[in-house]
Amino acid sequence: MQNWNEGYFSDFSYTKGYYAAINPLLMNFHLALAGIKSNTIDESAEDISPP
């Protein structure tokens, strides 16, 4: 019988709540404000930055 966590790291529990600091969209926003290009931004997407 296989363990339910076979192949996965499961020694840490999940956080209990929402933490805005680890939101990927917010992280990309802060990188953009700092002038750092994120590698998660899709170059083929429509440009929605302010004029």
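To keep things clear, this report deals only with the structure shown in the data block. Keep in mind that what you see is a predicted model, and the values were worked out from it rather than measured.

Side note on the overall build of the protein chain
- Summing up its helical and strand segments, the protein chain has one helix and zero strands in all.
- When each of the 51 residues of the protein chain is scored for burial, the buried share is 4%.
- Summing over all exposed atoms, the protein chain offers an accessible surface of approximately 5500 Å²; the carbon and sulfur share of this is 61%.

As for a nonpolar patch on the surface
- Taken together, the side chains of Tyr-19, Ile-22 and Met-27 define a hydrophobic patch exposed on the protein surface, amounting to about 310 Å² of accessible area.
- In this structure, Met-27 sits in helix α1 (residues 24-33).

Some remarks on α1
- The opening residue of α1 is Asn-23, an N-cap whose side-chain oxygen sits 2.8 Å from the backbone nitrogen of Leu-25.
- Two residues or fewer after α1 comes Gly-35, characterised by a positive phi angle close to 80 degrees.

So, how was this worked out
- Residues numbered from 1 in each chain as written.
- Predicted model: local features only at pLDDT ≥ 70, side-chain atom pairs only at ≥ 80, totals over all residues.
- Heavy atoms only, no water.
- Helix = DSSP H or I, 4+ residues; strand = E, 2+ residues; numbered from the N terminus.
- Buried < 20%, exposed > 50% of the residue type's maximum accessible area, 1.4 Å probe, protein only.
- Areas by Shrake-Rupley, 256 points an atom, 1.4 Å probe, with all protein chains shown as cover.
- Patch = residues over 30% accessible without salt bridge, like charges linked within 9 Å, V, L, I, M, F, W, Y side chains within 5 Å.
- Salt bridge = Lys/Arg side-chain N within 4 Å of Asp/Glu carboxyl O.
- Polar contact = N/O pair within 3.5 Å; in protein donor to acceptor, adjacent residues only side chain to side chain.

So yeah, pure geometry; function would need other evidence.
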